[in-house]
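Structure assessment
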Protein chains: 2
Amino acid sequence: MDLPRLPATLADVADRAGVSRQTVSNAINNPDLLRPETLSRVQHAIDALGYTPNHAARQLRTRSSRLVGLRMSPAQEFTANMAMDRFVRALVEASRDAGYHVLLFAGEPLVEGELPAPMAGYDDLLRSTAVDAFVVTDTYLGNPQAAGLAERRAPFVAFGRPWDDAGARHPWVDVDGAAGAQLATEHLLERGHERIAWLGWQPGSRIGEDRRAGWHRTMTGRGLPTSGLEAATDDTVAAGRGAAAALLDAVGPTAFACASDTLAVGVLHTLAERRLRPGQDVAVVGFDDSQVAQVVPPGLTSVRQPLEQVAVELVRALSDLLGPRPHTSRGVLLEPTLAVRASTTR
Amino acid sequence: MDLPRLPATLADVADRAGVSRQTVSNAINNPDLLRPETLSRVQHAIDALGYTPNHAARQLRTRSSRLVGLRMSPAQEFTANMAMDRFVRALVEASRDAGYHVLLFAGEPLVEGELPAPMAGYDDLLRSTAVDAFVVTDTYLGNPQAAGLAERRAPFVAFGRPWDDAGARHPWVDVDGAAGAQLATEHLLERGHERIAWLGWQPGSRIGEDRRAGWHRTMTGRGLPTSGLEAATDDTVAAGRGAAAALLDAVGPTAFACASDTLAVGVLHTLAERRLRPGQDVAVVGFDDSQVAQVVPPGLTSVRQPLEQVAVELVRALSDLLGPRPHTSRGVLLEPTLAVRASTTR
DNA sequence: CTGAAAGCGCTAACAC
DNA sequence: GTGTTAGCGCTTTCAG
């Protein structure tokens, strides 16, 4: 099928079907209004011309772009966001199924010595009515975006709970980090480990505290000690490596549960240095089930967030939010699973 | 600053500045046409009202959305696309600097037993004039997208050479894979290795052949044998692992140069099984410098594609393509670099 | 159930 | 330099 120079318009279809433009519009947006015979005639004309409604014209009229905005921060090496790629793909798919596209945008370029503008990129998109809503993901940073968007009365949904804002009214979807750490810890307990260390982030991160709580409550529930068995560091491989070495020297844990794959990989580094075999000599569990966990030898057991489900729920919340009468659903908390690999298998 | 319920329009600004709508439009699009005093008065009104031109209205009028489309395939585990995240981020940044946003879309959902429609997603975007152009990335699949878009006379740029289509007229940006493999091989030669194996993809991939050629010509150039020193497998960790084991048994190479990080990680698996130390006993070089290469113990030396530069060149080509008189630049070939880590360091 | 008229917000062409 | 006119392609009234 060859496309003509200029895409067909409503008028072209109307001409060909021998009806008015209006009727074609109805055929698309309110097919029930048409007599079946007319409908099929219009449908044929649409197919024959390969007609698709002009996006801009429809957006101008309906004030809806069917676009959701997602801000991507610059690539950061050696650190978090290891699962961002998977999430973005899942979001794109879920959005397609709901008739949306994802508009990616960037913040301001970082300037040395200046704080990054938290709402950079959002305002222009909002005022130019280029997107219908936003998906906010980096809630772990303290999430000034959510507050900023709420203040601007912009529709948005968040991947991540509004930890610090009890008055938050926006829909959110999150994964139960405590449950994930509990899963990891129980898995290690089942494998016979008792001296299970927690390798976490420095205080101040609610996500980090949540995950740590899962380990702590599981250990305590079994009457096992936790004191001295934990370390808190930056979320980098190097930091995890150092902390793991210190813990091994101080208390000799037989297993590590970690707040991230990044830290878990740090543990693997230390084990490799000491010629300890992951899974055989010391067990390690990561968090996020990133690509790294999937391929790093010998395979890193990791808590897997159901990102596909997160995306579906986010889009569901979005559709509701943008629909005729928003249902004002509060939040959805999803359960992670455990991807078991050789790092916890003797 | 508090945003009003409805975003300000051109008319609002005109009223406030005491000029006509057209003058405001000129102030934005052709500031030179205004007398400085008028311009500054309009500018003040724009700032005061927080005015940003309505995207849909402008798009309808100018037939330009300032959006570039990028299709994302579903997440695939254990295989390629390891560097996609970095590329997307780079593309978003480069696009911002040129005044574009990136529209992400998905293909059709995969149906069991059916071939995926190569142009799924593209046609609708094209006919609805939702994007100005596309960026095509997965040229390694034989790239029916490029041909399809060319046939539809849709503006697009490709990350990847049009290997199989000498008549291709579209702009492209690519990274010299042969040069990358040469870099890797020379690095290993400098480290004293002579039995350097090539672990590549199965025949049929032009990218794979290109990379292999870099190894082959470097070895041959030094008068070193290559026969028996190579294997071709699927691009998976498991396949790389098996092929590495077979090569070690058959010819005992002291170093592996690989067509991808995925395969290199496969080699690392085999080394771990045999308690061989990467870098110390056997050297390994990957390709792509993915997150995995950066964090896998002890650190994987890898050929790094200059994705940020690729993104900049792609956007440059795009701007030219969409500009008033396209310059019809053919292609840009960029040089990779080598990220040296412990897997090649004794 | 179908058609005619109006207008979303903007910019390209032309007058003043 | 600035204002006026027209229209991009669509959907939302409102009549027939």
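All values reported here derive from a predicted model rather than from experimental measurement. (Residues numbered from 1 in each chain as written. Chains lettered and ligands numbered in written order. Predicted model: local features only at pLDDT ≥ 70, side-chain atom pairs only at ≥ 80, totals over all residues. Heavy atoms only, no water.)

**Brief notes about the overall build of chain A**
A tally of regular secondary structure across chain A gives 13 helices and twelve strands. A globule of 346 residues ought to have a C-alpha radius of gyration of about 20 Å, yet chain A, at 25 Å, is considerably larger. By its C-alpha atoms, chain A is 85 × 40 × 35 Å across when sized along the principal axes. When the 346 residues of chain A are sorted by exposure, 53% land in the buried category. (Helix = DSSP H or I, 4+ residues; strand = E, 2+ residues; numbered from the N terminus. Rg over C-alpha atoms; globule rule 2.2 N^0.38 Å. Buried < 20%, exposed > 50% of the residue type's maximum accessible area, 1.4 Å probe, protein only.)

**A short note on the packing of helix α1 (residues 10–17) of chain B against helix α3 (residues 36–49) of chain B**
To characterise two packed helices, one gives the angle between the axes of the helices and the distance between these axes. All names here are of chain B. Relative orientation of the contacting elements α1 and α3 amounts to 125 degrees, with a least axis distance of 9 Å. By the angle between their axes, α1 is oblique relative to α3. Relative to α3, the crossing made by α1 is right-handed. Residues Asp12, Val13, Arg16 and Ala17 of α1 form the contact with α3, whose participating residues are Arg41, Val42, Ala45, Ile46, Ala48 and Leu49. Here the residues of the contact of α1 with α3 are counted per class, giving seven nonpolar, no polar and three charged. (Axes fitted to C-alpha atoms, helices over the stretch in contact; angles between N-to-C directions. Parallel < 35°, antiparallel > 145°, perpendicular 65-115°, else oblique. Left-handed = near helix turned anticlockwise from the far one by under 90°. Contact = heavy atoms within 4.5 Å. Nonpolar A, V, L, I, M, F, W, Y, C, P; charged D, E, K, R; others polar.)

**Some details on the relation of the copies chain A and chain B**
To go from the first copy of the chain to the second, apply a rotation about an axis and then a shift along the same axis. The two copies are related by a screw operation: chain A maps onto chain B through 180 degrees of rotation and 0.0 Å of translation along the axis, at an RMSD of 0.1 Å. Such values leave the two copies arranged in the relation of a two-fold axis. A high fraction, 100%, of the interface residues of chain A reappear at the interface in chain B, so the copies pair face to face through one surface. (Least-squares fit on C-alpha atoms with pLDDT ≥ 70 in both.)

**Quick look at the protein's contact with DNA strand C**
If you check the shell around DNA strand C, you find 24 residues, and the closest are Thr38, Arg61 and Arg63 of chain A together with Leu10 and Tyr51 of chain B. Within 4 Å of the protein, the contacting atoms of DNA strand C are drawn from sugar and phosphate to the extent of 61%. Between Arg35 of chain A and DNA strand C, the recorded distance is 3.4 Å, taken from a backbone N or O atom to a phosphate oxygen. For the surface near DNA strand C, the elements supplying multiple residues, two or more each, are α2 (21–29) and α4 (55–62) of chain A together with α2 (21–29) and α4 (55–62) of chain B. Looking at the surface near DNA strand C, its residues break down into eight nonpolar, ten polar and six charged. (Near = heavy atom within 4 Å. Polar contact = N/O pair within 3.5 Å; in protein donor to acceptor, adjacent residues only side chain to side chain.)

**Some thoughts on the interface of chain A and chain B**
Taken together, the contacts link 69 residues of chain A with 69 residues of chain B. Sorting the residues of chain A by area buried against chain B places Arg89, Arg127 and Val295 of chain A first, and these three jointly supply 12% of that buried surface. For the pair chain A and chain B, the number of links is zero salt bridges. Linking chain A with chain B are 16 residue pairs in polar contact (both at pLDDT 80 or more). Among the secondary structure elements, those contributing two or more residues to the side of chain A that touches chain B are α4, β1 (67–72), α5 (84–97), β2 (101–106), α6 (122–127), α11 (261–273) and α12 (291–295) of chain A. Here the side of chain A that touches chain B gets eight residues from one element, more than from any other, and that element is α5 of chain A. Here the side of chain A that touches chain B is built from residues that sort into 35 nonpolar, 16 polar and 18 charged. Across three bridges, β2 of chain A lies against strand β2 (residues 101–106) of chain B in antiparallel orientation. Along β2 of chain B, the bridge assignment pairs Leu104 of chain A with Val102 of chain B. (Buried area = accessible area lost by both parts, 1.4 Å probe. Salt bridge = Lys/Arg side-chain N within 4 Å of Asp/Glu carboxyl O. Pairing = 2+ DSSP bridges.)

**Points about the pattern of salt bridges**
Tallying each qualifying case throughout the model produces 34 salt bridges over all chains. The partner of Arg161 of chain B in a salt bridge is Asp174 of chain B, with the nearest N and O atoms 2.8 Å apart. In this pair, Arg161 of chain B is assigned in the loop between β4 (156–159) and β5 (172–175) and Asp174 of chain B in strand β5, connecting sequence segments 13 residues apart. As far as burial versus exposure is concerned, Arg161 of chain B and Asp174 of chain B are alike and both buried. Among the charged side chains, a salt-bridge network with shared partners connects Arg161, Asp174 and Asp210 of chain A.

**Here we look at the protein's contact with DNA strand D**
With respect to spatial proximity, 25 residues lie near DNA strand D, and among them Leu10, Gln22 and Tyr51 of chain A together with Arg61 and Arg63 of chain B are the closest. In the environment of DNA strand D, a base oxygen lies 2.6 Å from a nitrogen or oxygen atom belonging to the side chain of Gln22 of chain A. Taken together, the elements giving at least two residues each to the surface near DNA strand D come down to α2 and α4 of chain A together with α2 and α4 of chain B. Here the surface near DNA strand D is built from residues that sort into eight nonpolar, ten polar and seven charged.

**Re the environment of Asp164 of chain A**
Residue and element names in this part refer to chain A. When you line up the elements, Asp164 lands in the loop between β4 (156–159) and β5 (172–175). Classification of Asp164 by relative accessible area gives exposed; the value is 58%. Taking the C-alpha atoms as reference, Asp164 lies 9.2 Å from Asn143; in sequence the two are 21 residues apart. Polar contacts involving the side chain of Asp164 include one to the side chain of Arg206, which spans 2.8 Å.

**Concerning the packing of aromatic side chains**
Evaluation of the coordinates by the stated rule reveals ten aromatic pairs over all chains. Ring plane angle 35 degrees and centroid distance 5.1 Å describe the contact between Phe87 of chain B and Phe159 of chain B, whose orientation is recorded as tilted. Highlighted residues: Phe87 of chain B in helix α5 (residues 84–97) and Phe159 of chain B in strand β4, separated in sequence by 72 residues. The pair Phe87 of chain B / Phe159 of chain B is uniform in exposure class, with both members buried. Between Phe105 of chain B and Tyr122 of chain B the ring centres are 5.1 Å apart and the planes differ by 85 degrees, which places this aromatic pair in the edge-to-face class. Remark: Tyr122 of chain B occurs in helix α6 (residues 122–127) and Phe105 of chain B occurs in strand β2; sequence separation between them is 17 residues. Among the aromatic residues, those joined into a ring-pair cluster are Phe105, Tyr122 and Phe134 of chain A. (Phe/Tyr/Trp six-rings, centres within 6.5 Å; stacked < 30°, edge-to-face > 60°.)

**Overview of the UniProt feature "domain: HTH lacI-type" (unreviewed entry) in chain A**
The feature "domain: HTH lacI-type" (unreviewed entry), as given by UniProt, occupies residues 8–62 of chain A in the numbering adopted here. As annotated, residues 8–62 of chain A has a helix share of 71% and a strand share of 0%, and its two end C-alpha atoms lie 20 Å apart. (UniProt positions renumbered as here; feature names shortened; annotations may be inferred.)

**Here we look at α11 of chain A**
Residue and element names in this part refer to chain A. For α11, built from 13 residues, the straight-helix expectation of 18 Å at 1.5 Å per residue is met to within 8% by its first-to-last C-alpha distance of 18 Å. Most of α11 is tucked away, with eleven of its 13 residues classed as buried. What α11 keeps buried is the set Asp261, Thr262, Leu263, Ala264, Val265, Gly266, Val267, Leu268, His269, Thr270 and Leu271. In this structure Ser260 caps α11, since a side-chain oxygen of it lies 3.3 Å from the backbone nitrogen of Thr262. Backbone geometry just downstream of α11 places Arg275 in the positive-phi region, at approximately 55 degrees. (Expected span 1.5 Å × (residues − 1).)

**Things to note about unusual backbone geometry**
Most peptide bonds are trans, and most residues other than glycine sit at a negative phi. Residue and element names in this part refer to chain A. The peptide bond linking Pro297 to Pro298 adopts the cis configuration, its omega dihedral lying at 0 degrees. Located in the positive-phi region is Asp288, a residue other than glycine, with phi close to 125 degrees. With respect to the helices and strands, Asp288 occurs in the loop between β9 (283–287) and α12. A positive phi is found at Asp289, a non-glycine position, where the angle reads about 50 degrees. Within the secondary structure, Asp289 is located in the loop between β9 and α12.

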